[in-house]
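As a plain string of letters, each chain reads:
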Amino acid sequence: MMGKTTNKFATLLGGLLAFSVVSTACGKEPVMTTIGAIYNLTGEQRNLDIPSSQGAELAMDEINASGGILGRPATLLIEDGETNTDVIAKKTATMIAQNPDMPVLIGMSDTDVVLAAAKAAAKDKRIFVTSGATSPLLPQDVPDFLYLACYGDNVQAAAAASFARDELKFTNVAVLYKENMSYTMLLRRYFEESFKDLGGDILFSRGYGPDSFDDAVATLPEADFIYLSASPDQVVDEIRALRNAGVTVPIISGDGFDIGTEWANLPDESNVYFTTHADVSADNTSPSVTAFRSAFKKKFPNVEPDAFSALGYDTVKLVAAAIEAAGSTDVEAIREALSTLTNFKGITGEISFSNDSQIPTKSVTIMKVIKGDETFVQTILPENVPAP
């Protein structure tokens, strides 16, 4: 009797599973909309990715509080990439295998790690939207399936060059850049090209490795300012080394300098500028930023939001808007909707995709460090941007 009951149950279960597989294959929408996320919650990129993941979580909370996506609950699955490309690729593939209805993944803030995830996602024809990796070469490496929710490095480099020439009236620069990192090397390249196009002189340009920063600093010539293309985890130590070496001129850099409360480790520093994605400080009285800060502080009481928090938040909202516009969780429908999405109003600015570009048109925020605090200076949409 037990054997017959078990056989009947197995037959019934098999039929249900078969029905489920057929329904998915025929395009029946899943009960819940699932978005995957890979963020480096450990390792050297945690200072960028933890805030971004927190912003993403907040966005998903708000989406569900407003009815979800396509009228059903939505979920954000977050995995720790551990700042390890092998781990990232494996976890991306595993997430897709375990969640076959998941059409989109998001995350991370650096070119090299994003490529590991996006290439793995593209193998299964899934979209990857990076919240903070700014290389404008990324779409060429993963055609059709990799989108940016942020501007490209060529845009922020052009904004920094314009600010240095037009606002600060600098005519020459000495450049230092970290070697063997895509972000720092591309940022340096685009900055030098932009600064020269604006009539500026590059007096010196030198790369440095893990043990050669001090040697590079020792060879610096006198210049109006230093452009330092560094990774976020080294900013404090390298600024301190420059100042200890007697370098007093202004230092300018990119969004890798957006290290938030880490600037408190340099309480006497007031001569650093950097480009970033948004000013989300308490000094910004914009209604959207005020609302974002209030919601963020409620969810994460002991954390100060930064531009990367806002990028993670915007990315989830952007993906949700694309799915809503597509009216489906079908990957091709979402890709088409995302490619033509315009005037999406995010915390980090208005986002529009056009001319088949997988990189949005966005403005750049200039910040200044004053006594260990980040202070808003201005917003720039550069006119002359180097080609990728």
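Draft legend 1. Representation of the packing of aromatic side chains in the model. The full count for this structure, using the stated rule, is 13 aromatic pairs. Aromatic side chains F292 and Y313 sit 5.0 Å apart centroid to centroid with 65° between the ring planes, which places their arrangement in the edge-to-face category. Highlighted residues: F292 in helix α10 (residues 287–299) and Y313 in helix α11 (residues 307–326), separated in sequence by 21 residues. Judged by its relative accessible area of 9%, Y313 falls in the buried class. An aromatic cluster is defined as three or more aromatic residues linked by ring pairs; in this entry it consists of F170, F191, F195, F225 and Y227. Just above the ring of Y177 sits the side chain of R188; from NZ or CZ to the centre is 4.2 Å.

Draft legend 2. Examining the pairing of strand β6 (residues 172–178) more closely. Across the seven residues that make up β6, a large majority, seven, are buried. Alternating positions in β6 separate into two faces, N172, A174, L176 and K178 on one and V173, V175 and Y177 on the other, with burial throughout. Summarising the sheet, β6 and strand β7 (residues 201–208) pair through seven bridges and their orientation is parallel. The partner of N172 across the bridge, within β7, is D201.

Draft legend 3. Seen up close, the side chain of T315. Mapped onto the secondary structure, T315 falls in helix α11. Exposure remark for T315: the relative accessible area of 0% places this residue in the buried category. Of the polar contacts made by the side chain of T315, one reaches the backbone oxygen of L311; its length is 2.7 Å. The contacts of T315, once residues within four sequence positions are left out, are I106, V129, S131 and A149.

Draft legend 4. Molecular detail of the confidence of the model for the protein chain. Across the protein chain, the average pLDDT comes to 92, with 93% of residues at or above 70. Of the regions scoring below 50 in pLDDT, residues 1–26 engages in two contacts with residues more than four places distant in sequence or in other chains.

Draft legend 5. Structural detail: the nonpolar core. Counting 66 residues, the largest nonpolar core has I106, I127 and V129 as the members making the most contacts within it. Setting aside its immediate chain neighbours within four residues, I127 contacts P103, V104, L105, F145, Y147, V331, I334, R335 and L338.

Draft legend 6. Spatial organisation of empty space enclosed by the protein. A full pass over the atoms with the stated rule returns one cavity of 30 Å³ or more. Q45, L48, S109, D110, G132, T134, M181, Y183, P232, D255, G256 and F308 are the residues that line the largest cavity.

Draft legend 7. Region of interest: helix α9 (residues 235–244). Regarding α9, the residues found buried are V235, V236, E238, I239 and L242. Buried residues belonging to α9 abut β6, β7, α8 (213–218), β8 (225–229), β9 (251–253) and β10 (272–276). One or two steps after α9, the chain reaches G246, where phi turns positive at roughly 90°.

Draft legend 8. Molecular detail of α10. An ideal rise of 1.5 Å per residue puts 18 Å on 13 residues; α10 measures up with 18 Å between its terminal C-alpha atoms. Residues of α10 that are buried include every one of V289, F292, R293, A295 and F296, and no others. Considering only its buried residues, α10 is in contact with α2 (46–65) and α11.

Draft legend 9. Representation of the layout of surface pockets in the model. Of the volumes computed, that of the largest pocket is approximately 530 Å³. Along the wall of the largest pocket there are 27 residues; nearest its centre are G260, T261, E304, P305 and D306. Elements supplying a minimum of two residues to the lining of the largest pocket: α2, α11 and β14 (373–380). Sort the elements by how many residues they give to the lining of the largest pocket and α2 lands first, with five residues. Across the lining of the largest pocket, the residue classes tally to 10 nonpolar, eight polar and nine charged. Empty space within the second largest pocket amounts to approximately 320 Å³. Breaking the lining of the second largest pocket down by element, the ones donating at least two residues are α5 (138–141) and α6 (153–167).

Draft legend 10. Representation of unusual backbone geometry. The phi torsion at M108 lies on the positive side, around 65°, for a residue other than glycine. A residue is classified by how much of its surface remains accessible, and M108, at 0% relative accessible area, is buried.

Draft legend 11. Up close: the pattern of salt bridges. Summed over the entire model, instances satisfying the criterion amount to 12 salt bridges. In this structure, the salt-bridge partner of E79 is K91, at a minimum N-O distance of 3.9 Å. Here E79 is found in strand β2 (residues 74–80), whereas its partner K91 is found in helix α3 (residues 85–98), with 12 residues between them in sequence. Classification of E79 as partly exposed rests on a relative accessible area of 31%.

Draft legend 12. Highlighting the sheet that holds strand β5 (residues 146–148). The five strands lie next to each other as β2-β1-β3-β4-β5, forming an open sheet whose pairing is parallel. Each having just a single partner strand, β2 and β5 make up the two edges of the open sheet. Averaged over neighbouring strand pairs, the angle between their axes works out to 25° when direction is ignored. In this sheet, strand β4 (residues 127–130) lies alongside strand β3 (residues 104–106) in parallel orientation, the contact comprising three bridges. For V104, the partnering residue across the bridge sits in β4 and is I127. Where α3 meets the sheet, it contacts β1 (33–39), β2 and β3, and its direction lies at approximately 170° from that of β1.

Cut-offs used in this document
- Residues numbered from 1 in each chain as written.
- Predicted model: local features only at pLDDT ≥ 70, side-chain atom pairs only at ≥ 80, totals over all residues.
- Heavy atoms only, no water.
- Phe/Tyr/Trp six-rings, centres within 6.5 Å; stacked < 30°, edge-to-face > 60°.
- Helix = DSSP H or I, 4+ residues; strand = E, 2+ residues; numbered from the N terminus.
- Buried < 20%, exposed > 50% of the residue type's maximum accessible area, 1.4 Å probe, protein only.
- Lys NZ or Arg CZ within 6 Å of the ring centre and 35° of its normal.
- Pairing = 2+ DSSP bridges.
- Polar contact = N/O pair within 3.5 Å; in protein donor to acceptor, adjacent residues only side chain to side chain.
- Contact = heavy atoms within 4.5 Å.
- pLDDT = per-residue confidence, 0-100.
- Core = buried A, V, L, I, M, F, W, Y, C linked by side-chain atoms within 4.5 Å.
- 1 Å grid on protein atoms, 1.4 Å probe; cavity = no way out; pocket = protein on both sides within 12 Å on 5 of 7 lines; lining within 4 Å.
- Points joined across faces, edges and corners; volume = space filled by probe spheres on them.
- Expected span 1.5 Å × (residues − 1).
- Nonpolar A, V, L, I, M, F, W, Y, C, P; charged D, E, K, R; others polar.
- Salt bridge = Lys/Arg side-chain N within 4 Å of Asp/Glu carboxyl O.
- Axes fitted to C-alpha atoms, helices over the stretch in contact; angles between N-to-C directions.

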